[in-house]
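Descriptive analysis of the structure
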Amino acid sequence: MKTVAWSKPQNQRAGTPLLVMMHGYGTDEIRMSDLFGQVPPEFTCAALRAPKVIGDDYGWFLLDYFLTHDFADVISVSNAVFDWINSVKAEHSSVSLLGFSQGMAMASTLLRLRPHEFRAVVGLSGFVLDNELLAMSESFDDVKPPFFWGRDKADLVINDDAIEHTEEWLNRNTQLTARTYPGMGHTIARAEMVDVGAFLRHYVLR
(Lines give C-alpha, C1' and ligand atoms only; values in the text may rest on other atoms or scores of the structure.)
Protein backbone atom coordinates (compact mmCIF):
# COMPACT_ATOMS: atom_id res chain seq x y z
CA MET A 1 0.00 0.00 0.00
CA LYS A 2 1.95 2.99 -1.30
CA THR A 3 -0.54 5.73 -0.38
CA VAL A 4 -2.23 5.87 3.03
CA ALA A 5 -4.12 8.79 4.59
CA TRP A 6 -3.93 8.84 8.40
CA SER A 7 -6.30 10.53 10.85
CA LYS A 8 -3.54 11.06 13.44
CA PRO A 9 0.14 11.98 13.20
CA GLN A 10 2.53 9.14 13.96
CA ASN A 11 3.35 10.38 17.47
CA GLN A 12 -0.32 10.06 18.50
CA ARG A 13 -1.05 6.53 17.22
CA ALA A 14 0.60 4.26 19.78
CA GLY A 15 -1.85 2.15 21.76
CA THR A 16 -4.92 3.28 19.82
CA PRO A 17 -7.35 0.95 18.04
CA LEU A 18 -6.71 0.97 14.29
CA LEU A 19 -9.54 1.25 11.76
CA VAL A 20 -8.38 0.29 8.26
CA MET A 21 -10.66 1.96 5.69
CA MET A 22 -11.04 0.77 2.07
CA HIS A 23 -12.74 2.80 -0.65
CA GLY A 24 -14.97 1.69 -3.49
CA TYR A 25 -14.28 0.93 -7.14
CA GLY A 26 -13.23 3.91 -9.25
CA THR A 27 -12.40 6.33 -6.43
CA ASP A 28 -9.53 6.79 -3.96
CA GLU A 29 -8.56 7.12 -0.32
CA ILE A 30 -9.92 10.68 -0.06
CA ARG A 31 -13.46 9.24 -0.13
CA MET A 32 -12.63 7.47 3.13
CA SER A 33 -10.50 10.17 4.73
CA ASP A 34 -13.50 12.51 4.45
CA LEU A 35 -15.13 10.26 7.10
CA PHE A 36 -12.37 10.59 9.71
CA GLY A 37 -14.30 13.22 11.65
CA GLN A 38 -17.32 10.90 11.92
CA VAL A 39 -15.39 8.03 13.54
CA PRO A 40 -14.97 7.96 17.35
CA PRO A 41 -11.83 10.02 18.13
CA GLU A 42 -10.25 7.19 20.11
CA PHE A 43 -9.52 5.42 16.80
CA THR A 44 -6.61 5.92 14.49
CA CYS A 45 -8.02 5.67 10.97
CA ALA A 46 -5.91 4.62 7.98
CA ALA A 47 -7.50 5.07 4.55
CA LEU A 48 -5.71 2.92 1.98
CA ARG A 49 -5.47 3.65 -1.73
CA ALA A 50 -6.22 0.54 -3.79
CA PRO A 51 -3.34 -0.49 -6.07
CA LYS A 52 -5.13 -1.11 -9.38
CA VAL A 53 -5.48 1.92 -11.67
CA ILE A 54 -9.06 2.38 -12.92
CA GLY A 55 -9.04 5.34 -15.34
CA ASP A 56 -8.06 8.34 -13.21
CA ASP A 57 -8.94 6.50 -10.00
CA TYR A 58 -8.34 3.15 -8.29
CA GLY A 59 -9.86 -0.21 -7.46
CA TRP A 60 -8.92 -3.32 -5.52
CA PHE A 61 -9.50 -5.76 -8.38
CA LEU A 62 -11.26 -5.69 -11.74
CA LEU A 63 -15.04 -5.84 -11.52
CA ASP A 64 -18.04 -5.62 -13.83
CA TYR A 65 -21.75 -4.94 -13.23
CA PHE A 66 -22.34 -8.59 -12.33
CA LEU A 67 -19.49 -8.35 -9.78
CA THR A 68 -17.47 -10.94 -11.68
CA HIS A 69 -13.93 -11.11 -10.33
CA ASP A 70 -10.68 -13.04 -10.71
CA PHE A 71 -9.81 -15.11 -7.63
CA ALA A 72 -6.05 -14.68 -8.15
CA ASP A 73 -6.45 -10.88 -8.22
CA VAL A 74 -8.50 -10.96 -5.02
CA ILE A 75 -5.93 -13.09 -3.18
CA SER A 76 -3.02 -11.00 -4.46
CA VAL A 77 -4.45 -7.70 -3.25
CA SER A 78 -5.61 -9.30 0.02
CA ASN A 79 -2.05 -10.45 0.72
CA ALA A 80 -0.79 -6.93 -0.02
CA VAL A 81 -3.22 -5.49 2.54
CA PHE A 82 -2.25 -8.15 5.09
CA ASP A 83 1.42 -7.26 4.59
CA TRP A 84 0.65 -3.60 5.24
CA ILE A 85 -1.47 -4.39 8.33
CA ASN A 86 1.32 -6.61 9.68
CA SER A 87 3.76 -3.70 9.31
CA VAL A 88 1.74 -1.43 11.63
CA LYS A 89 -0.48 -3.55 13.88
CA ALA A 90 2.04 -3.95 16.72
CA GLU A 91 1.61 -0.24 17.46
CA HIS A 92 -2.14 -0.59 18.00
CA SER A 93 -4.42 -2.16 20.59
CA SER A 94 -6.62 -3.83 17.95
CA VAL A 95 -7.40 -3.79 14.23
CA SER A 96 -10.87 -3.30 12.73
CA LEU A 97 -11.95 -2.87 9.11
CA LEU A 98 -14.32 -0.55 7.27
CA GLY A 99 -15.11 -0.87 3.57
CA PHE A 100 -17.45 0.94 1.20
CA SER A 101 -18.87 -0.81 -1.91
CA GLN A 102 -15.98 -2.87 -3.35
CA GLY A 103 -14.13 -1.99 -0.16
CA MET A 104 -16.75 -4.03 1.73
CA ALA A 105 -15.91 -6.99 -0.51
CA MET A 106 -12.27 -6.48 0.48
CA ALA A 107 -13.02 -6.12 4.19
CA SER A 108 -15.17 -9.26 4.25
CA THR A 109 -12.56 -11.19 2.25
CA LEU A 110 -9.83 -10.26 4.74
CA LEU A 111 -12.14 -11.42 7.52
CA ARG A 112 -12.81 -14.72 5.73
CA LEU A 113 -9.11 -15.41 5.35
CA ARG A 114 -8.12 -14.45 8.93
CA PRO A 115 -11.24 -14.26 11.11
CA HIS A 116 -9.33 -14.01 14.39
CA GLU A 117 -7.30 -10.93 13.45
CA PHE A 118 -10.02 -8.29 13.46
CA ARG A 119 -12.01 -6.89 16.37
CA ALA A 120 -14.94 -5.70 14.23
CA VAL A 121 -15.84 -5.08 10.58
CA VAL A 122 -18.03 -2.40 8.97
CA GLY A 123 -19.45 -2.83 5.46
CA LEU A 124 -21.24 0.07 3.76
CA SER A 125 -23.32 -0.23 0.56
CA GLY A 126 -21.31 -3.24 -0.52
CA PHE A 127 -21.28 -7.00 -0.83
CA VAL A 128 -19.53 -10.26 0.07
CA LEU A 129 -17.85 -12.08 -2.79
CA ASP A 130 -19.64 -15.19 -4.03
CA ASN A 131 -16.61 -17.43 -4.55
CA GLU A 132 -16.36 -21.17 -3.98
CA LEU A 133 -12.60 -21.13 -3.33
CA LEU A 134 -12.98 -18.47 -0.64
CA ALA A 135 -15.86 -20.41 0.89
CA MET A 136 -13.67 -23.52 1.06
CA SER A 137 -10.89 -21.65 2.86
CA GLU A 138 -12.98 -19.92 5.53
CA SER A 139 -13.60 -21.23 9.03
CA PHE A 140 -15.91 -19.48 11.50
CA ASP A 141 -16.64 -22.52 13.64
CA ASP A 142 -15.42 -20.97 16.91
CA VAL A 143 -15.89 -17.27 16.22
CA LYS A 144 -18.67 -14.98 15.03
CA PRO A 145 -17.04 -11.58 14.58
CA PRO A 146 -19.15 -8.41 14.95
CA PHE A 147 -20.13 -7.03 11.54
CA PHE A 148 -22.09 -3.85 10.72
CA TRP A 149 -23.84 -3.79 7.33
CA GLY A 150 -25.45 -0.56 6.21
CA ARG A 151 -27.21 0.05 2.90
CA ASP A 152 -30.19 1.51 1.06
CA LYS A 153 -32.55 -1.23 -0.14
CA ALA A 154 -33.13 0.83 -3.30
CA ASP A 155 -29.39 1.00 -4.13
CA LEU A 156 -29.18 -0.11 -7.78
CA VAL A 157 -25.38 -0.49 -7.92
CA ILE A 158 -25.27 -3.81 -6.03
CA ASN A 159 -27.45 -6.37 -7.81
CA ASP A 160 -30.13 -8.46 -6.09
CA ASP A 161 -28.21 -11.75 -6.32
CA ALA A 162 -25.22 -10.17 -4.59
CA ILE A 163 -27.44 -8.75 -1.84
CA GLU A 164 -29.09 -12.12 -1.29
CA HIS A 165 -25.74 -13.90 -1.06
CA THR A 166 -24.32 -11.21 1.23
CA GLU A 167 -27.28 -11.37 3.60
CA GLU A 168 -27.11 -15.16 3.81
CA TRP A 169 -23.34 -15.21 4.35
CA LEU A 170 -23.35 -12.51 7.01
CA ASN A 171 -26.21 -14.10 8.95
CA ARG A 172 -24.45 -17.46 8.89
CA ASN A 173 -20.93 -16.34 9.79
CA THR A 174 -21.04 -13.11 11.78
CA GLN A 175 -22.67 -11.39 14.71
CA LEU A 176 -24.59 -9.12 12.38
CA THR A 177 -25.91 -5.61 12.94
CA ALA A 178 -27.85 -4.71 9.77
CA ARG A 179 -29.31 -1.27 9.13
CA THR A 180 -31.01 0.27 6.11
CA TYR A 181 -31.24 3.95 5.17
CA PRO A 182 -34.05 4.81 2.71
CA GLY A 183 -33.14 7.44 0.16
CA MET A 184 -29.38 7.19 0.79
CA GLY A 185 -28.56 5.55 -2.54
CA HIS A 186 -25.06 4.27 -3.22
CA THR A 187 -23.26 6.56 -0.82
CA ILE A 188 -22.59 7.03 2.90
CA ALA A 189 -25.05 9.00 5.05
CA ARG A 190 -24.31 10.92 8.24
CA ALA A 191 -27.04 8.99 10.07
CA GLU A 192 -25.33 5.77 9.00
CA MET A 193 -21.99 6.96 10.39
CA VAL A 194 -23.68 7.77 13.71
CA ASP A 195 -24.72 4.10 13.87
CA VAL A 196 -21.24 3.00 12.80
CA GLY A 197 -19.77 5.03 15.64
CA ALA A 198 -22.09 3.41 18.17
CA PHE A 199 -21.21 -0.04 16.78
CA LEU A 200 -17.47 0.62 17.04
CA ARG A 201 -17.77 1.99 20.56
CA HIS A 202 -19.73 -1.09 21.67
CA TYR A 203 -17.57 -3.77 20.09
CA VAL A 204 -14.11 -2.18 20.16
CA LEU A 205 -13.90 0.51 22.84
CA ARG A 206 -15.95 -0.85 25.72
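For the structure, see preceding data.
Residues numbered from 1 in each chain as written. Predicted model: local features only at pLDDT ≥ 70, side-chain atom pairs only at ≥ 80, totals over all residues. Heavy atoms only, no water.

Some thoughts on the overall build of the protein chain
Worth spelling out the cut-off: Helix and strand assignments follow DSSP, with helices taken as H or I runs no shorter than four residues and strands as E runs no shorter than two, numbered in order from the N terminus. The reference for a compact globule is 2.2 Å times residues^0.38; the radius of gyration itself is calculated from the C-alpha atoms. The cut-offs for exposure are 20% and 50% of the maximum accessible area for each residue type, with area from a 1.4 Å probe on protein chains only; residues under the lower value are buried, those over the upper are exposed, and the others partly exposed. Only heavy atoms matter for contacts: two residues are in contact if any of them lie within 4.5 Å across the pair. For the area figures, the Shrake-Rupley method with a 1.4 Å probe applies, and any residue is considered shielded solely by the protein chains shown.
Scanning the protein chain for helices and strands turns up six helices and nine strands. Its C-alpha atoms give the protein chain a radius of gyration of 16 Å, within 12% of the compact-globule value 17 Å for 206 residues. Dimensions along the principal axes, computed over C-alpha positions, put the protein chain at roughly 45 × 40 × 30 Å. Burial analysis of the protein chain (206 residues in total) assigns 53% to the buried set. When contacts within the protein chain are restricted to residue pairs at least 6 apart in sequence, long-range pairs at least 24 apart make up 80% of them. About 9,400 Å² of surface is accessible on the protein chain, with carbon and sulfur atoms providing 49% of the total.

Concerning helix 5 (residues 160-173)
To keep things clear, this is the line we draw: Multiply 1.5 Å by the residue count of a helix minus one, and that product is the helix's expected span. Each direction from the helix axis to a C-beta atom contributes to the arc, which is the arc of those directions.
Look at helix 5: 20 Å from first C-alpha to last across 14 residues, which is about the 20 Å you get at 1.5 Å a residue. Inspection of helix 5 places Ala162, Ile163, His165, Thr166, Trp169, Leu170 and Asn173 among the buried residues, and these make up the whole buried set. Down the axis of helix 5, the buried set is contained in an arc of 165°. They therefore lie on one face. Among the exposed residues of helix 5, those oriented more than 90 degrees off its buried face are Asp160, Asp161 and Glu164.

A short note on the side chain of Ser78
To be explicit about the condition: In protein, a polar contact requires one atom able to donate a hydrogen and another able to accept it; more generally it is a pair of N or O atoms within 3.5 Å, and residues adjacent in sequence count only if both atoms are side-chain atoms.
By the secondary structure assignment, Ser78 is in helix 2 (residues 71-88). Within the structure, the side chain of Ser78 is placed 2.7 Å from the backbone oxygen of Val74, a separation counted as a polar contact. Contacts of Ser78, omitting those with residues within four sequence positions, involve Met106, Thr109, Leu110 and Leu113.

Some thoughts on helix 6 (residues 190-205)
The end-to-end C-alpha distance of helix 6 is 21 Å, a good match for the 22 Å that 16 residues give at a rise of 1.5 Å each. Here helix 6 has its buried residues at Glu192, Met193, Val196, Gly197, Phe199, Leu200 and Val204. For helix 6, the elements touching its buried residues are strand 2 (18-22), strand 6 (95-100), strand 7 (121-124), strand 8 (146-151) and strand 9 (175-180).

Some points on the sheet that holds strand 1 (residues 4-6)
Adjacent strands of a sheet pair through backbone hydrogen bonds, lying either parallel or antiparallel. In plain terms, the rule: A pair of strands is labelled paired if DSSP reports no fewer than 2 bridges between them. To get an axis, fit a line to the C-alpha atoms, keeping to the stretch in contact for a helix; angles then go from 0 to 180 degrees between the N-to-C directions.
Pairing is mixed in the open sheet, where seven strands are placed in the order 1-3-2-6-7-8-9. Looking at strand neighbours, the two that pair on one side only are strand 1 and strand 9, the edges of this open sheet. Here the strands of the sheet are splayed against their neighbours by 15° on average, with no regard to which way each runs. On the sheet, helix 5 packs against strand 8 and strand 9 and is oriented at approximately 155° with respect to strand 8.

Looking at the pattern of salt bridges
Basically, it comes down to this: Within this document, salt bridges are pairs made up of a side-chain nitrogen of Lys or Arg and a carboxyl oxygen of Asp or Glu, the two lying within 4 Å of each other.
Applying the stated criterion to the full structure yields four salt bridges. For Arg49, the salt bridge goes to Glu29, with nearest N and O atoms at 2.8 Å. In this pair, Arg49 is assigned in the loop between strand 3 (44-48) and strand 4 (52-54) and Glu29 in the loop between strand 2 and helix 1 (30-33), connecting sequence segments 20 residues apart. Given the relative accessible area of 23%, Arg49 is considered partly exposed. For Glu117, the salt bridge is made with Arg114, and the minimal N-O distance between the two is 3.6 Å. When its relative accessible area of 30% is taken as the criterion, Glu117 is described as partly exposed. Under the relative-accessibility criterion, Arg114 is labelled partly exposed at 26%.

Side note on the packing of helix 2 against helix 3 (residues 102-113)
Helices that pack against each other are described as a pair by the angle of their axes relative to one another and the distance between those axes. Applicable threshold: Oblique is the label for any angle not covered by the other classes, which are roughly parallel (under 35 degrees), roughly antiparallel (over 145) and roughly perpendicular (65 to 115). Polar here means any residue other than Ala, Val, Leu, Ile, Met, Phe, Trp, Tyr, Cys and Pro, which are nonpolar, and Asp, Glu, Lys and Arg, which are charged; Gly is therefore polar.
It is at 10 Å that the axes of helix 2 and helix 3 come closest, and there the two elements cross at 80°. As summarised for this structure, helix 2 and helix 3 are arranged roughly perpendicular, according to the angle between their axes. On the side of helix 2, the interface is formed by Val74, Ile75, Val77, Ser78, Val81 and Phe82, while helix 3 contributes Met106, Thr109, Leu110 and Leu113. Grouping the constituent residues of the contact of helix 2 with helix 3 by class yields eight nonpolar, two polar and no charged.

Keep in mind these values describe shape, not function.
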